[in-house]
Each structure stands twice: as C-alpha cells, then as structure tokens.
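Chain by chain, the residues:
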Amino acid sequence: MSDEGGVNISLPNKVLSKQLKRKASDFLNSRKNANNLVDIIQCLEKSIGDQQNASPIIPSVLALETIFTELLKNRAMVIEVQPLKPKENSPETQYREWLQDRYGEAYQFILKCFCVDKTSDSIQALATAMNLLALEGQFPIDYVTDASYYFPCSKLRSILQCLLSADKANDHLISRFQEFTAYHDILQHSWKFLPGLTPRGQIPSETYVGNYLNLINAMPIKSAEQEQIHLLCDNNSADKGKVTFDYQAIRRNINKSWACVMHWQHTEATHQKVLMVLLERVLPHLDKPLALTDFLMDSLDAGGAISLLAFQGVFTLIQEHNLTYPFIYEKLYSMFEPEIFHTKFKARLFYLADLFLSSTHLPEALVAAFVKRLARLTLVAPPQDIVICLYFIGNLIIRHPGLKRLICHPHGGQVTRDPFIMDECDPTKSYAIDSSLWEIAALQNHGIPSIATAAKFISNPLPTIEWDLTQVLGVTEDDLFDQAIKKSSKAAFLTIDRPTSMFVPRGDRTQEFWKLF
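For clarity, every value in this text was computed on a predicted model and none was experimentally measured. (Residues numbered from 1 in each chain as written. Predicted model: local features only at pLDDT ≥ 70, side-chain atom pairs only at ≥ 80, totals over all residues. Heavy atoms only, no water.)

Enquirer: Any details on the overall build of the protein? Residues and values, ideally.
Expert: Helix and strand content of the protein: 20 helices and 0 strands. By the burial criterion, 47% of the 517 residues in the protein qualify as buried. Contacts spanning at least 24 positions in sequence make up 71% of the contacts within the protein whose residues lie at least 6 apart. For the protein, the accessible area works out to roughly 26,800 Å², and carbon and sulfur atoms hold 51% of it. (Helix = DSSP H or I, 4+ residues; strand = E, 2+ residues; numbered from the N terminus. Buried < 20%, exposed > 50% of the residue type's maximum accessible area, 1.4 Å probe, protein only. Contact = heavy atoms within 4.5 Å. Areas by Shrake-Rupley, 256 points an atom, 1.4 Å probe, with all protein chains shown as cover.)

Structure (structure tokens):
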C-alpha cells in the first residue's frame with residue numbers, strides 16, 4: 001500500500017490536477033498504490049462538502065473516470081462464477097470485491113456532484129457518469145457470457161433520479177443529457193423508468209415539476225417506423241441484433257407519466273410549461289386526448305400565454321379529434337389584446353387566427369370584427385408587430401372581397417364617430433362592418449418607412465395573391481434597423497480590421513452593408 005498521505009484540496013487547481021493524475025497513474029501501474037484510489041475518492045468527498053470555498057471538483061472526477069475506465073476495459077473487477085460451485089475466497093477475489101465497492105462508492109459521489117452550484121462541475125460529473133455507464137454496458141462487472149447483451153439499468157435510474165431534483169433546477173444537466181437520448185437504449189430505458197420516478201399521492205415541488213417537464217421535453221419520441229438502432233452500450237454481443245426500439249412500450253409509459261402530471265397542482269410558470277410540452281411533445285402520443293378537454297377549457301380562462309397555448313390545444317382537438325366548441329371565434333377574438341404583443345407566443349396567435357379565418361364562407365360581419373380589432377391594435381402595437389397586423393388585414397380583405405367596403409367607406413379617412421365597439425365580446429355585435437379603416441390611413445404617415453409603406457396597401461389595388469405571413473412573423477427591431485441600413489448606407493472602406501486581402505474577413509457583419517475595394 002502507498003505510504004503517501006491524503007490529498008490537500010486547498011492546493012491550486014493545476015497543482016491538484018497534476019497530483020491526482022499522478023496518483024491515478026500510480027494506482028493503475030501497481031497494486032501497492034491501492035490506497036491512492038481511496039485518497040482520490042476522499043478528495044472528491046471533501047470537495048463536495050467544501051463548496052463554500054469553491055473547492056475544485058473536476059480534477060477528482062476526471063481522475064476517477066481514468067481509473068475506472070481502465071478497470072472496466074481490463075475487466076479487473078469481474079468475479080467469475082462457476083455454476084454449482086461456491087465463490088472462491090481468494091485474495092484476488094477479495095481485491096476485486098474491494099474494487100467493486102470503491103466503484104459503487106465513487107459513482108455515488110459523482111452523482112452528488114450534480115447538485116453543486118458550479119455549472120461546469122455538474123456537467124462534467126454527468127458526462128463522467130454517462131461515460132462510465134456506457135463502458136459498464138460494454139464491459140459488464142457482473143459475470144455474463146459474451147453472447148448476452150447487458151445494460152446497467154441501476155446506473156441510468158440513479159442518474160434520472162438526480163436529474164429530477166426537488167431542490168435544484170437542472171436545466172443545464174437535462175440539456176446535456178439530451179445528447180445521450182440519441183442512443184436508442186438510453187431513450188428506451190429512460191422512458192421505462194420515468195413512470196416509476198413520478199410522485200403519486202403527493203404534490204411535488206415547483207422545481208421538481210420543472211425538471212420533470214424539461215426531461216420529458218428533452219427525450220424524443222420516435223415513431224413506430226423502425227430505423228437503424230444506435231446503442232450507447234454496444235458490447236458487440238451475439239444477441240445485439242435482437243435489440244429493438246419498442247414504440248408501443250414508450251407510448252404506454254408516456255400515458256402513465258402524463259396521467260400523473262395532469263393531477264398535480266401547477267403554478268403559472270409550470271402551467272405554461274405543461275401546455276408547451278403537451279402541444280410540442282406529448283399530445284400526438286396520448287391514447288385518450290379528449291380527456292384533456294376539461295383541463296384545456298379551464299386553461300382558456302387563465303389569460304395571457306396560458307390561454308393562447310390552451311387555445312392551440314383546443315384547436316388540435318377540434319381539427320383531429322372532432323371536439324365541438326361553439327364559442328371558439330369569440331374566444332379567439334378576445335385574445336387580440338395589447339398584452340399579446342409582449343409574449344413570445346404571439347406568432348402562434350396569428351398562425352391560429354389565419355387558420356380559423358381561412359374559410360371564405362364565414363360571415364363578413366365576423367371577419368370584419370377581426371379586421372377592425374387588428375387595425376385598432378396597430379395604434380398601440382410595437383413597430384415590428386404593426387407590419388404583421390397590416391399584412392394580416394390585407395390577407396383577410398383579399399380572402400373576403402366584401403370587406404373592401406371598409407376601405408371604400410363613404411366617409412373615407414374623415415371619421416367623426418366610429419361605430420365600432422372595441423369592448424364588445426361578441427364580434428358579430430361590434431358594428432365593425434359599418435366602420436372604416438381610418439387607423440390604417442393614419443399609419444400612412446408613420447415615422448418608420450416600412451410601416452408607412454405597408455399601410456399604403458389600402459390606397460392601391462389589392463393583389464390577387466395573399467402575402468406570406470411566415471416571412472414577416474419573425475421580424476424584429478434589429479431586422480427593421482438592418483433594412484434601413486441597407487437602404488441608406490453607401491459603400492465605404494472601414495479599417496476596423498487591418499485588411500490582409502481584397503475581402504472583409506468572413507463572417508464580419510460589415511460585409512453585409514459595405515464592400516471593400
């Protein structure tokens with residue numbers, strides 16, 4: 001055994017890293033230095049408990065990864081068992097059992113590193129844990145024949161338990177774990193363990209719910225179509241070809257997990273996240289999507305982004321599952337409020353409104369109410385949203401030619417009293433059909449040229465083809481600024497960087513607006 005003492009965690013990071021690397025190398029080179037492994041594990045334990053002084057963790061984690069990578073590859077921890085024969089109690093067997101115990105102890109400390117405050121330390125701990133899991137799958141510790149496929153289920157379950165922390169948000173770890181879900185064995189077993197990790201009969205914390213939803217959102221759900229299998233624990237065994245990706249099993253686990261999620265009490269933040277994960281990930285795979293009707297209807301009354309996301313869910317049920325909702329247009333109409341322009345889901349609202357108002361058989365009074373409400377909102381909307389509203393209004397008028405009366409109103413742009421009732425909840429009773437688009441006429445004098453130009457569509461013959469809203473839904477203030485720069489800028493030579501050729505360095509933003517001669 002080594003006669004060296006323990007490791008001083010107060011050493012500078014580089015010095016500590018060199019000392020741990022030397023101890024790991026000495027341990028692998030000779031069994032006389034077996035205590036080096038204990039010293040490294042104790043160093044990691046002390047570093048975890050000394051986070052107030054920001055003790056380095058990565059050197060210890062990497063040293064342990066180096067040691068156990070070699071031990072797993074060399075099968076130095078495998079204890080062969082002969083059928084019908086008792087296990088030998090030889091020094092070699094005892095040493096291998098001791099290595100297995102140290103491996104389990106070290107792995108638990110690596111998992112504890114997930115909870116440290118420093119992001120780089122916790123991400124490295126996750127990477128090390130997954131690397132060791134992959135190696136253990138390729139070189140199992142438990143004695144198995146070369147012909148059998150092995151997956152370390154307990155290791156993955158422990159990792160998922162740590163990711164689903166009730167005290168610490170693990171967005172960064174779940175984002176890193178998402179890279180490993182590209183492997184079918186990790187994805188299949190993760191969905192298998194998820195229902196068992198879901199609390200039942202108790203209300204989980206908001207932090208746990210956030211981690212749980214992030215984890216579901218991070219794990220792709222592949223269709224039933226079989227594709228080439230990619231395994232993280234690829235041990236080249238004879239029965240590896242029998243490994244399949246069972247979509248139906250994953251679907252059953254999704255339904256079990258989501259049934260628990262729907263019974264939790266949610267805050268505004270988790271309620272919004274539940275709807276996002278439901279719409280973007282889970283809904284197509286549920287066995288009984290109509291069972292969500294009550295939840296979505298209650299969410300419609302919450303207001304803001306929650307109502308908008310719930311509205312998209314209701315639309316999906318109407319479109320794909322024949323749900324009947326008689327007041328759908330009134331609800332859509334009520335969502336066009338000034339506050340909607342300050343949410344990141346406003347593009348969804350315009351997309352859904354475009355779908356709902358696509359039919360040419362809708363009453364003109366109903367569509368006129370949407371046109372007039374959008375026109376009124378352009379007076380208070382941010383500049384980039386004004387352009388979107390103007391194009392949308394133009395599309396509605398092209399789609400419903402009878403609405404040209406709003407442009408060719410007898411009073412024209414001269415309005416003394418607008419009959420339109422902005423606060424009316426029923427769009428058909430808002431008297432929008434008797435009003436005019438004086439708001440758009442006023443925008444023709446707007447200070448931003450792109451807005452003034454877009455507003456002039458009511459003074460020109462309307463095109464026969466609708467504008468493509470997808471090209472303007474992503475417009476931002478920076479885009480408007482860039483457009484103005486491109487129109488007004490002249491070719492000029494800039495010496496921000498010393499020129500080494502006749503061209504501006506690749507990727508330089510100035511090359512979008514100026515040319516170098």
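Enquirer: An account of the nonpolar core is requested, with residue identities and associated values reported.
Expert: In this structure, Ile159 and Trp258 are the most contacted members of the largest nonpolar core, which totals 153 residues. Among the elements that take part in this core, helix H17 (residues 383–399) stands out by supplying 10 residues, more than any other. Excluding anything up to four places from it in sequence, Ile159 contacts Tyr107, Leu111, Phe114, Leu126, Ala129, Met130 and Leu133. (Core = buried A, V, L, I, M, F, W, Y, C linked by side-chain atoms within 4.5 Å.)

Enquirer: Quick rundown of the packing of aromatic side chains? Include the residues and the values.
Expert: Inspection of the entire model under this criterion finds 13 aromatic pairs. Between Phe311 and Phe356 the ring centres are 5.3 Å apart and the planes differ by 45 degrees, which places this aromatic pair in the tilted class. Taken together, the residues Phe311 in helix H13 (residues 304–321) and Phe356 in helix H15 (residues 346–356) connect sequence positions 45 residues apart. You'll find Phe311 and Phe356 in the same group, each marked buried. Measuring from ring centre to ring centre gives 6.0 Å for Phe336 and Phe350, while their planes differ by 75 degrees; the resulting arrangement is edge-to-face. Pair noted here: Phe336 is in the loop between helix H14 (328–334) and H15 and Phe350 is in helix H15, with a separation of 14 residues, a long-range link. For Phe336, a relative accessible area of 2% corresponds to the buried category. Grouping aromatic residues by their ring pairs yields a cluster made of Tyr333, Phe336, Phe350, Phe370 and Phe392. Directly above the aromatic system of Tyr107 lies the positively charged group of Lys155, at a separation of 5.2 Å from the ring centroid. For the cation-ring pair, Arg373 lies above Tyr333, with the distance from its terminal atom to the ring centre recorded as 4.4 Å. (Phe/Tyr/Trp six-rings, centres within 6.5 Å; stacked < 30°, edge-to-face > 60°. Lys NZ or Arg CZ within 6 Å of the ring centre and 35° of its normal.)

Enquirer: Talk me through the packing of helix H11 (residues 268–282) against helix H12 (residues 293–300); I want residue IDs and the actual numbers.
Expert: Any two packed helices are characterised by how steeply their axes cross, that is the angle between the axes, and by the distance between the axes. Two numbers describe how H11 lies on H12: the axes approach to 12 Å, and their chain directions differ by 130 degrees. Compared by their axis directions, H11 and H12 come out oblique. As H11 runs across H12, the sense of the crossing is left-handed. Taken together, the residues of H12 that come into contact with H11 (itself represented by His271, Val274, Leu275 and Leu278) are Phe295, Leu296 and Ser299. Across the contact of H11 with H12, the residue classes tally to 5 nonpolar, 2 polar and no charged. (Axes fitted to C-alpha atoms, helices over the stretch in contact; angles between N-to-C directions. Parallel < 35°, antiparallel > 145°, perpendicular 65-115°, else oblique. Left-handed = near helix turned anticlockwise from the far one by under 90°. Nonpolar A, V, L, I, M, F, W, Y, C, P; charged D, E, K, R; others polar.)

Enquirer: Residues and numbers for the pattern of salt bridges, please.
Expert: Throughout the structure, instances matching the rule amount to 18 salt bridges. As a salt-bridge pair, Glu280 and Arg348 come within 2.4 Å of each other at their nearest N and O atoms. A residue pair is termed long-range when its members are at least 10 positions apart, and Glu280 in helix H11 and Arg348 in helix H15 qualify at 68 residues. A relative accessible area of 18% means that Arg348 is categorised as buried. With its nearest N and O atoms 2.9 Å apart, the salt bridge here joins Glu466 to Arg399. Pair noted here: Glu466 is in the loop between helix H19 (449–455) and helix H20 (477–488) and Arg399 is in helix H17, with a separation of 67 residues, a long-range link. Among the residues examined, Arg399 registers a relative accessible area of 11% and is labelled buried. (Salt bridge = Lys/Arg side-chain N within 4 Å of Asp/Glu carboxyl O.)

Enquirer: Just give me the short version of helix H9 (residues 206–218), but keep the residues and values in it.
Expert: Taking 1.5 Å per residue as the helical rise, H9 with its 13 residues ought to reach 18 Å, and the 18 Å between its terminal C-alpha atoms agrees with that figure. Of all 13 residues in H9, 10 are buried; the element is thus mostly enclosed. Among the residues of H9, those classed as buried are Tyr208, Val209, Gly210, Asn211, Tyr212, Leu213, Asn214, Leu215, Ile216 and Ala218. Tucked into the core, H9 has its buried residues touching helix H6 (153–163), helix H7 (171–177), helix H8 (184–193), helix H10 (247–261) and H11. (Expected span 1.5 Å × (residues − 1).)

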